[in-house]
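# Working through the structure, step by step
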Amino acid sequence: MAVAATAISSAQIPDVLIHVDLRPTYRAFNGGGTTGHWYDDLGRASTVGLSLTLEPGLKAYFSQRLERIANDGDPDQLDEYYVEDEGNWRVGKQELPFGPKFLDRESALGVKTHLIVADQPLDVQVCDAGPGRPRGLVARIGERLGISFEIGNHFGIAGTSLAILRIPEASPGIGRGYGQVLGVDYGQVSGDLSSKIEFVAVRKGETDADMDENVLDVSASLKPDRYRSVTFGFTRAFQQSTNVMRASGSFYAYKGATVEPLVRYKDGKLLDFGISLRLKV
């Protein structure tokens, strides 16, 4: 309704772009069993969407998932929908500005602002996804070195949060999660090699099953050209005494299409293997 009202008031038909990001994935598990889904091993969804550029400089975006994850803390079919003044503010359902969106990645309805403080980018979002879902204040400051926090209720319940440690369907779900999350991340690029380290601490569990945890992830990626890349990573959950090692890649197949395999070993045993055919337009 807000997008329509803006378009009418501007007396101009907005420019419309169609976005397609598909991740059909075949997964095989230790001990047998296979599945096929429209989301990958880390819960990242296949989406189709529209973006509209409006005369006053505003941009609107809408996307829908092709498949929801069972027991996901975000049961909405809509993945994101928002209106923004790019680089200044955004209103609607959107990804929370926490870290590099690897260990902790989820979306919620809210208002986000982008600021510059001491020459460093600062993103702040107030969010409220509803009862039993993320609600509170989220912020991240920094670029290469970033510091993030979430304060409120029910953070970390999406199938994409801490997904490197488990399969997406094993997410905590609605009513669970944490009231406090702190993160620190650092990334560096040197030629064809890039590296990243991220630490996340979760506290103030909503239930007895949501125990405090400290998680460290370290990864290195080699990208010799734009057609291929490989990544090796190690994740440690200290309180659970759990280690996950992974190897993944991205290989050009055709225009807009790449093949993306991922294999994970948890505490020395194969957790799963997945291969996605990603098509992005």
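Described below are features of the structure shown in this document. All of these numbers come straight from a predicted model, not from anything done at the bench.

For the protein chain, the count of helices and strands is 1 helix and 18 strands. Against the globule reference of 19 Å for 281 residues, the protein chain gives a C-alpha radius of gyration of 19 Å, in line with a compact fold. Overall, the C-alpha framework of the protein chain stretches about 60 × 45 × 40 Å when taken along its three principal axes. Counting across all 281 residues of the protein chain, residues that qualify as buried make up 43%. For the protein chain, the proportion of contacts with a sequence separation of at least 24, taken over those separated by at least 6, is 45%. Accessible surface, the protein chain: about 14,100 Å² in total, of which carbon and sulfur atoms supply 60%. Within the protein chain, one finds 31 positive and 36 negative side-chain charges whose respective centroids are separated by 4 Å.

Across all of its chains, the model carries 22 salt bridges by this definition. The salt bridge involving Arg23 is made with Asp40; its shortest N-O contact spans 3.4 Å. With Arg23 in the loop between β1 (15–22) and β2 (25–29) and Asp40 in the loop between β3 (34–37) and β4 (47–53), this residue pair connects regions lying 17 residues apart in the sequence. Asp40 carries the same exposure label as Arg23, and that label is buried.

Time to look at the packing of aromatic side chains. In the structure shown here, the tally under the stated rule is 2 aromatic pairs. Ring geometry for Tyr61 versus Tyr82: centroids 5.5 Å apart, planes at 35°, classification tilted. Residue Tyr61 is found in strand β5 (residues 59–65), and its partner Tyr82 is found in strand β6 (residues 78–85); the two are separated by 21 residues along the sequence. For Tyr82, a relative accessible area of 10% corresponds to the buried category. Across the ring face of Tyr82, the terminal group of Arg90 is positioned such that the distance to the ring centre comes to 4.0 Å.

A few words on the nonpolar core. Counting 22 residues, the largest nonpolar core has Leu103, Ile164, Leu165 and Val181 as the members making the most contacts within it. Broken down by secondary-structure element, the contributors of at least two residues to this core are β12 (178–190) and β13 (193–205). One finds Leu52, Leu54, Ala60 and Val83 within the second-largest nonpolar core, a separate group that totals 5 residues.

So, about the side chain of Asp21. Locating Asp21 in the fold gives a position in strand β1. A distance of 2.8 Å separates the side chain of Asp21 from the side chain of Arg278, its partner in a polar contact. Not counting residues within four places of it along the chain, the set of residues in contact with Asp21 comprises Ala45, Ser46, Thr47, Arg278, Leu279 and Lys280.

What follows deals with the side chain of Glu213. Tracing the backbone through its elements, the reader meets Glu213 in strand β14 (residues 213–225). A distance of 3.2 Å separates a polar atom in the side chain of Glu213 from the backbone nitrogen of Phe238. Filtering out sequence-adjacent residues up to four positions away, Glu213 remains in contact with Val200, Ala201, Val202, Arg203, Ala237, Phe238, Gln239 and Gln240.

So, about the pairing of β12. Across 8 bridges, the pairing between strand β11 (residues 145–155) and β12 is antiparallel. Directly across from Ile151, in β12, lies its bridge partner Gln180. Pairing geometry for β12 and β13, over 12 bridges, is antiparallel. Across the sheet, residue Gly183 finds its bridge partner in β13, namely Val200. The loop that links β12 with its antiparallel partner β13 comprises 2 residues; one of these, Gly191, has a positive phi angle of about 65°.

Parameters and conventions
Residues numbered from 1 in each chain as written. Predicted model: local features only at pLDDT ≥ 70, side-chain atom pairs only at ≥ 80, totals over all residues. Heavy atoms only, no water. Helix = DSSP H or I, 4+ residues; strand = E, 2+ residues; numbered from the N terminus. Rg over C-alpha atoms; globule rule 2.2 N^0.38 Å. Buried < 20%, exposed > 50% of the residue type's maximum accessible area, 1.4 Å probe, protein only. Contact = heavy atoms within 4.5 Å. Areas by Shrake-Rupley, 256 points an atom, 1.4 Å probe, with all protein chains shown as cover. Lys, Arg positive; Asp, Glu negative; His and termini not counted. Charge placed at Lys NZ, Arg CZ, Asp CG, Glu CD. Salt bridge = Lys/Arg side-chain N within 4 Å of Asp/Glu carboxyl O. Phe/Tyr/Trp six-rings, centres within 6.5 Å; stacked < 30°, edge-to-face > 60°. Lys NZ or Arg CZ within 6 Å of the ring centre and 35° of its normal. Core = buried A, V, L, I, M, F, W, Y, C linked by side-chain atoms within 4.5 Å. Polar contact = N/O pair within 3.5 Å; in protein donor to acceptor, adjacent residues only side chain to side chain. Pairing = 2+ DSSP bridges.

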